[in-house]
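Results of the structural survey
This is what each chain is made of:
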Amino acid sequence: MLPQWARDKKILLGISGGIAAYKTPELVRAWMKCGCEVEIILTDSAARLVSPLALSTLIKRRAWRDSDLMSDELGWTIPHIALSEWADVLVVAPCTANVLRMAAQGDSGTLLGAAMLACEAPQIFFPAMNSRMWANPATKANALTLEERGRRVIDPDSGPLACGYEGKGRLPSTEAIVDETWFSLCGAKDFAGKKILVTAGPTHEYIDPARYISNPSSGRMGYAIAAEARYRGADTVLVSGPVSLRAPGGVRVINVTSASEMRDACLAELHDCDVIIKAAAVGDYRAKNYSAQKIKRGERAFAAIELEQNADIARDIGERKKRRQILAGFAAETENIRENALSKLEGKHLDLVIANDVSAKDSGFVSETNSVEIFFSRKYAMPPISVSGSKWETASGILDAIAAILP
Ligand SMILES: Cc1cc2nc3c(=O)[nH]c(=O)nc-3n(C[C@H](O)[C@H](O)[C@H](O)COP(=O)(O)O)c2cc1C
């Protein structure tokens, strides 16, 4: 389930005649899985590279073609006006050098051209082409013109290109396009100009080269917070323990393994952060004596692995943070949730604590959903807030709570 702002969105997809057009059915499916409605306009060249029939089957409505500019199928309703008014966002993917030019020049000679000109919703262009075409000053100038007018032009990825070249020109991944769509659709930019540091995932405390002490944290909660913070305009840094999740688009990720690496990474970023959200499940203990060689089965060292405590990162940040900085921590508890959360709040100089019952089925480490109660420090005189739902919805609620106390 998506947060409220992302529900029931209407996406107008312009597909132009780049080879990457063959990837668009996957993109359409990804949006539809999130509950979006999709309308499509294909240029006539695009219709040679991807099947309009396959696309219209997926979206369960006709896929429009450039040549439908003068279509009377909707009676007296004019297709390019109706489509551009309907859309919450217009995405052109892949965007050819030609369609980029048309958009920059306001060329309305085709259905897509006229819809781009008429559409007042946010517009995002994903240019994809041969690397020389992309590097050409004519293309660069068109991209710049669009950006100066408030359109978003997303740089292509680098790598092997279908034309046989290697370089910048690839269509970004489906996940990246979906990420950028959410960024444009998220109207609230209440964290613009703020730097947010989020920690996520477990830590691995190695005993020997083959074994470590860890916990079942999936990292999903922290990743959802980082993604949502970026959608809401924050310059977002994610310090992540080992997880198998895709890095959220537009978020700088610092990968770490152990608690001590996570502490170093957080302290190095701390000075210019406005908000620090500690969602990682940091290991409390590590092996006192790391064995450089794999400990053999039955060896004495195995039976008595001596442990020592890791530094408490939240407390260390709490002691160093400036007054204007907001520090939020999680309290993963299995009993006396409220009491334990409140004692963490005071003991670690947190501004707010997000308490969750990790023993509950629909909450905690590996679950897709979460249910939390947010307590504020006395300084704010705010009553506790309960948030539950998908980890994404929970992330949204946590950021709402932080936005309410942002200086
Ligand atoms: C097989 C093939 C692949 C093409 N791939 C691209 C491409 O990736 N990017 C691009 O800008 N042009 C590409 N072109 C050139 C465009 O199709 C051509 O400029 C066309 O006029 C674009 O029409 P449209 O912008 O109306 O879709 C390709 C052409 C062919 C024949």
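Keep in mind the model is a prediction, meaning the values are calculated, not measured. (Residues numbered from 1 in each chain as written. Predicted model: local features only at pLDDT ≥ 70, side-chain atom pairs only at ≥ 80, totals over all residues. Heavy atoms only, no water.)

1. Quick look at the overall build of the chain
When helices and strands are counted, the chain shows 15 helices and 20 strands. For the C-alpha atoms alone, the extent of the chain along its principal axes is close to 80 × 55 × 40 Å. Classification of the 407 residues of the chain by burial places 53% in the buried group. Here the analysis covers contacts within the chain between residues at least 6 apart in sequence; of these, 68% occur between residues at least 24 apart. Counting only carbon and sulfur atoms, one obtains 50% of the accessible surface of the chain, whose full area is about 18,800 Å². Seen as two clouds, the 49 positive and the 49 negative side-chain charges of the chain have centres 3 Å apart. (Helix = DSSP H or I, 4+ residues; strand = E, 2+ residues; numbered from the N terminus. Buried < 20%, exposed > 50% of the residue type's maximum accessible area, 1.4 Å probe, protein only. Contact = heavy atoms within 4.5 Å. Areas by Shrake-Rupley, 256 points an atom, 1.4 Å probe, with all protein chains shown as cover. Lys, Arg positive; Asp, Glu negative; His and termini not counted. Charge placed at Lys NZ, Arg CZ, Asp CG, Glu CD.)

2. So, the site of the ligand
Near the ligand, the surroundings consist of 13 residues, among which Gly17, Thr43, Thr96, Ala97 and Ala128 are the closest. Within the side chain of asparagine 98, an N or O atom sits 2.9 Å from an oxygen atom of the ligand. The fraction of the free accessible surface of the ligand (640 Å²) that becomes covered by protein chains is 61%. When its residues are assigned to classes, the shell around the ligand shows six nonpolar, seven polar and no charged. (Near = heavy atom within 4 Å. Polar contact = N/O pair within 3.5 Å; in protein donor to acceptor, adjacent residues only side chain to side chain. Nonpolar A, V, L, I, M, F, W, Y, C, P; charged D, E, K, R; others polar.)

3. Thoughts on the domain arrangement of the chain
Here the domain parsing of the chain yields domain 1 (4-185) and domain 2 (195-403). Using C-alpha coordinates to define each centre, domain 1 is positioned 38 Å away from domain 2. At the junction of the two partners, domain 1 supplies nine residues and domain 2 supplies nine residues. For the pairing of domain 1 and domain 2, the buried interface totals around 850 Å² over both sides, and the portion due to carbon and sulfur atoms is 47%. The largest contributions to the domain 1 side of the interface with domain 2 come from Trp5, Asp179 and Phe183, which together make up 58% of the buried area. Our count for the contact surface shared by domain 1 and domain 2 stands at three salt bridges. For the salt bridge of aspartate 179 with arginine 246, the shortest nitrogen-to-oxygen distance reads 3.0 Å. (Domains from an automatic or database assignment. Buried area = accessible area lost by both parts, 1.4 Å probe. Salt bridge = Lys/Arg side-chain N within 4 Å of Asp/Glu carboxyl O.)

4. Looking at the pairing of strand β19 (residues 369-376)
Relative to β19, strand β18 (residues 352-357) runs antiparallel, the two sharing five bridges. When the sheet's bridge partners are listed, asparagine 356 is paired in β19 with valine 372. Bridge count between β19 and strand β20 (residues 385-390): six bridges; the pairing is antiparallel. Residue pairing for β20: serine 371 is matched across the bridge by serine 388. (Pairing = 2+ DSSP bridges.)

5. Comments concerning the sheet that holds strand β6 (residues 152-153)
Sheet architecture is open: six strands sit in the order β3-β2-β1-β4-β5-β6, paired in parallel fashion. What marks the edges here is a single partner per strand, and that holds for β3 (64-65) and β6. Relative to strand β5 (residues 123-127), strand β4 (residues 89-95) is paired through four bridges, and the arrangement is parallel. Its bridge partner being in β5, leucine 90 is matched across the sheet by glutamine 123. Along the sheet, helix α9 (residues 174-185) contacts β1 (10-15), β4, β5 and β6; its crossing angle with β4, the most-contacted strand, is approximately 155°. (Axes fitted to C-alpha atoms, helices over the stretch in contact; angles between N-to-C directions.)

6. A closer look at the sheet that holds strand β12 (residues 235-240)
Read across the open sheet, the eight strands follow the order β13-β12-β9-β14-β17-β18-β19-β20; overall the sheet is mixed. Two strands close off the open sheet at either side, each with one partner strand: β13 (252-255) and β20. Looking at each pair of strands side by side, their axes are set apart by 20° on average, direction ignored. Helix α11 (residues 259-269) contacts β9 (195-200), β12 and β13 of the sheet and is inclined by roughly 175° relative to β9. Each of β9, β14 (275-278), β17 (326-333), β18, β19 and β20 is contacted by helix α15 (residues 391-403), which is oriented at about 155° to β20, the strand it contacts most.

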